[in-house]
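Architecture at a glance
Residues per chain, in single letters:
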Amino acid sequence: MITTEIRHFQGAAVALIRIDNPPVNSLGSQLRVQLGEALTSAIANSMVQAIVLTGTGRFFSGGADIREFNTPKTGVQPVLREIISIIENAAKPVVAAINGIALGGGLELTLGCHARVVSQEAKLGLPEVKLGVLPGAGGTQRLPRLVGVPAALDIIVGGEPLTADQALACSLVDQVAAGSLLDEACAYAVSIIQGARARSHIDQAPLDESVDEAVFENARKKAKRKYRGCTAPLTCIECVAKSLSTDLSSGLAYEAEQFALLVNGEQSKALRHIFFAERKAGKRPAMNGASFAIRKVGVVGAGTMGGGIAMSLANAGIPVVLLEQSDAALKKGWETIQHNYAGNVKRGRFTESQVQQRLLLIQRTTRYEDLSDSDLIIEAAFEDMAVKKEIFTRLDSVCNMDTILASNTSRLDIDEIAAVTSRKEKILGMHFFSPANVMKLLEVVKGAHTSDQVINAVFKLAVKMDKTPVLVGVCDGFVGNRMISHYTREAYFLLEEGASPAQIDGALRSFGMAMGPLEMQDMAGLDISWAARKRQAASRPPHLRYSCVADRICEMGRFGQKTGSGFYRYASGSRTPLPDPEIDVLIARCAQLAGITRREISDQEIIARTIYALVNEGAKIVQDKIAQRPSDIDVVYVAGYGFPMFRGGPMFYADSVGLSAVLETVKDFHERFGDYWSPAPLLTQLAQNGGKFSDL
Ligand code: 3H9
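Presented here is an overview of the structure given in this document. A quick note: this is a predicted structure, and the numbers were derived from the prediction, not measured.

The rules behind each value
- Residues numbered from 1 in each chain as written.
- Predicted model: local features only at pLDDT ≥ 70, side-chain atom pairs only at ≥ 80, totals over all residues.
- Heavy atoms only, no water.
- Pairing = 2+ DSSP bridges.
- Helix = DSSP H or I, 4+ residues; strand = E, 2+ residues; numbered from the N terminus.
- Contact = heavy atoms within 4.5 Å.
- Axes fitted to C-alpha atoms, helices over the stretch in contact; angles between N-to-C directions.
- Near = heavy atom within 4 Å.
- Polar contact = N/O pair within 3.5 Å; in protein donor to acceptor, adjacent residues only side chain to side chain.
- Areas by Shrake-Rupley, 256 points an atom, 1.4 Å probe, with all protein chains shown as cover.
- Nonpolar A, V, L, I, M, F, W, Y, C, P; charged D, E, K, R; others polar.
- Buried < 20%, exposed > 50% of the residue type's maximum accessible area, 1.4 Å probe, protein only.
- Right-handed = clockwise from strand over helix to strand, strands pointing away.
- Lys, Arg positive; Asp, Glu negative; His and termini not counted.
- Salt bridge = Lys/Arg side-chain N within 4 Å of Asp/Glu carboxyl O.
- Patch = residues over 30% accessible without salt bridge, like charges linked within 9 Å, V, L, I, M, F, W, Y side chains within 5 Å.
- Charge placed at Lys NZ, Arg CZ, Asp CG, Glu CD.
- Phe/Tyr/Trp six-rings, centres within 6.5 Å; stacked < 30°, edge-to-face > 60°.
- Lys NZ or Arg CZ within 6 Å of the ring centre and 35° of its normal.

**Quick word on the sheet that holds strand S2 (residues 12–19)**
- Ordered by their spatial adjacency, 6 strands build an open sheet running S1-S2-S3-S5-S7-S10, and the pairing between neighbours is mixed. In the strand order of this sheet, the two ends are held by strand S1 (2–9) and strand S10 (175–176), each with one partner.
- Note that strand S7 (residues 115–118) and S10 share 2 bridges and pair parallel. Paired with Val-118 across the bridge in S10 is Val-176.
- The strands touched by helix H1 (residues 29–44) are S1, S2 and strand S3 (50–54); relative to S2, the strand with the most contacts, the crossing angle is about 175°.

Structure (structure tokens):
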């Protein structure tokens, strides 16, 4: 809704136009109609001398309504560019009073205004690039004319919002309100009417600024690193460059053309899918009764995971009690935390004093009793059921009955752990990803008895910790690791069939994965999946093919990067994987023993075998209700496993390929490679009905 109020301010009549469209004041079609009418009417009203445009609540405007992208148009609604042009050409001053968050089209709306006054809390940004598009309502042309090319490139390509002070420093805004925002914006408008201040306006002419080509080259380099495989950032840079060579109208026309291409492209569809999927996954379950407050957290184990979890909590301002079995282990864990924080300071993430504040939040102990007043305890000890059961038995006896107990297990049965306690409804899994202080994903594992209150409280905590929580059910490996074992299995089979580690990793990197499956195994530590395979050996159906390659490598003591060799070898102190002829010989020997005749393998086959293995298992996971919906799987894979965001996650990718084509390939693999490839009934059903995972 748009409301207009006439205010008499310092002797002038000011039309105060307010955007009120919860939840984020997005600029959907209906709102644009109303906004256009309100502006036209205020401009035509001879009593009105100036206009102030503002928002409501926390938002000025979150930008264009993303849900309307790619939807068929009904009726005639003004596009945002037309609204901005009404503002820009108004004979009376239009001042933006930016009360809060102004993003994308929301900020572009203000660039057409004749001045911008912002509140201290305001955040201003052009995050379109993260949705695979560009600021398509003049942002790429007006912003460089206002703040200069280098700053515009930072804002548009970086996609991160600026604070009010940062916006003032680069001349994006004219004033930060010290008192009442609306009064100051009205006063600004009156001062323009009275001629005390000039109306800021955007020049038609090409931007007269000399910009070294190196500035663009640098921006391209940075963009390729930050948004691997994405088209939009590079198009944004080309559009900004246009501001130097064309007049405003031609620049705007070029920008509109490029926006249309991007918004209709597969990458933007995938990125928007992930935007909404993350929000859907993050919804807390409805619950009966009051939620729990988590104010203090205990962490059991100060190893890599425990230390990272403690850092994540401290970063969110939550006091932590970190427990280890011995003083020596505690000292080692503490030194690693200090070392990691020192790295954060070096890279400019935190200041020295911010680190000191965080370190003060982490209390260390070797006594279980010191955990007794924690609201939540996260166990991050060795991945062994007997060890976990012993710890949970102890925790259950020392903690008060309100304390929630979580295990950071990556695949063990939460219900079996819960069974040793007297509080099954307060037991859950919190599967963090390594390094836990960096990785966003958190699989929140709901056991058979875990209460909704507990899940609710942990989701709230996750958001505070800046994590992306996804609710998953109990099974070996939950969502992420259950699927990844199918992906790595195919990589191992492909090795035996004729591909080299470098070819497999290279093919998947070119698909867009952050790293290939074998280099990822080397980074994670081969001993971890080796232990899981040994545990699963007894229950593995004997008729299914099994590759010994990874086991043989582990038997040589090659556990990946940490031992200097795994599928690859590593020069001392380096993380660069180097092909190792010894491994090539080992693979050929394993293939020969398994009676496999090696052949040429195409990159296309590598991608289909590994990615469709994810998709087929993902479909089974949805059917087994381990994931609530296919889009949750996409969030898990994008946030935790380096799946290319621009492909929208494995399930969205399958949808975009077409499920009947995916099913045909899966059936072919089933025939050629055996029962691992039995098509998921859900995949078959959807493919046969012309459906998609995203329909579910
Ligand atoms: C653009 O502007 C293009 C123009 O350049 C050119 C046009 C020609 N549209 O995140 P939250 C929903 S592109 C529709 O939980 P927060 C969201 O899905 C746009 N819906 O809240 C959720 O719905 P639900 C550029 C949107 O307070 C609800 O609002 N702008 C939009 O944590 C609450 O969202 C952006 O890229 C939208 N634009 O964070 C900004 N935004 O309750 C994207 C949100 O059903 N948005 N929703 O799940 C954000 O970054 C955050 O949502 C924001 C609020 C910071 C605004």
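Alright, that's what it looks like, and here's the rest.
**Quick notes on the site of the ligand**
- Taken together, 28 residues are adjacent to the ligand, and Gly-105, Glu-108, Glu-128, Arg-279 and Lys-283 come closest.
- Between the ligand and Arg-279 there is a distance of 2.6 Å, counted from an oxygen atom to a side-chain nitrogen or oxygen.
- Calculation on the ligand without its partners gives an accessible area of 1,000 Å², and the protein chains cover 77% of this total.
- Going through the elements one at a time, helix H3 (105–111) and helix H11 (266–281) are the ones with two or more residues in the shell around the ligand.
- Sorting elements by how many residues they give to the shell around the ligand places H11 first, with 3 residues.
- Classifying every residue of the shell around the ligand gives 15 nonpolar, 6 polar and 7 charged.

**A short note on the pairing of strand S11 (residues 297–300)**
- Burial along S11 is two-sided: the residues Val-297 and Val-299 and Gly-298 and Val-300 are all buried.
- Strand direction decides the pairing type here: S11 and strand S12 (residues 320–323), joined by 4 bridges, are parallel. Within the sheet, the bridge partner assigned to Gly-298 lies in S12 and is Val-321.
- Following the backbone out of S11, through helix H12 (residues 304–315) and into the adjacent parallel S12, one traces a crossover that is right-handed.
- Across 4 bridges, S11 lies against strand S14 (residues 376–379) in parallel orientation. Counted as the bridge partner of Val-297 is Leu-376 from S14.

**Details of the side chain of Arg-272**
- Tracing the backbone shows Arg-272 in helix H11.
- Of the buried charged residues, Arg-272 lacks a salt bridge, with Glu-266 as the closest side chain of opposite charge at 8.8 Å.
- There is a polar contact of 2.8 Å between the side chain of Arg-272 and the backbone oxygen of Val-263.
- Other than its neighbours up to four places away in sequence, Arg-272 contacts Ile-66, Phe-69, Asn-70, Leu-131 and Val-263.

**Considerations on a positive patch on the surface**
- On the surface, Arg-67, Arg-279, Lys-280 and Lys-283 cluster together into a patch of positive charge.
- Inspection of the secondary structure puts Arg-279 in helix H11.

**Thoughts on unusual backbone geometry**
- Between Pro-22 and Pro-23 the backbone carries a cis peptide bond, its omega angle lying at 5°.
- With respect to the helices, strands and loops of the structure, Pro-23 is situated in the loop between S2 and H1.
- With an omega dihedral of -10°, the bond running from Ser-434 to Pro-435 counts as a cis peptide bond.
- Counting through the fold element by element, Pro-435 comes out in the loop between strand S16 (427–432) and strand S17 (441–446).
- Even without being a glycine, Gln-10 presents a positive backbone phi close to 45°.
- Tracing the backbone shows Gln-10 in the loop between S1 and S2.

**A closer look at the side chain of Asn-481**
- Summarising the element assignment, Asn-481 is placed in helix H18 (residues 480–497).
- If near-sequence neighbours (up to four positions away) are discounted, Asn-481 is found in contact with Ser-410, Arg-411, His-431 and Tyr-641.

**Describing the packing of aromatic side chains**
- Scanning the entire structure with this criterion turns up 12 aromatic pairs.
- Judged by centre distance (4.4 Å) and plane angle (15°), the ring pair of Tyr-637 and Tyr-641 falls under stacked. The same class applies to Tyr-637 as to Tyr-641, namely buried.
- Look at Phe-669 and Trp-677: their rings are 4.9 Å apart centre to centre, the planes differ by 65°, and that puts the pair in the edge-to-face class. Of the two residues, Phe-669 and Trp-677, both sit in the buried class.
- The rings of Phe-433, Tyr-637 and Tyr-641 are connected pair by pair, giving a single aromatic cluster.
- We note Arg-489 situated over the ring of Tyr-676; from NZ or CZ to the ring centre the distance is 4.1 Å.
- The side chain of Arg-489 reaches across the aromatic face of Trp-677, ending 6.0 Å from its centre.

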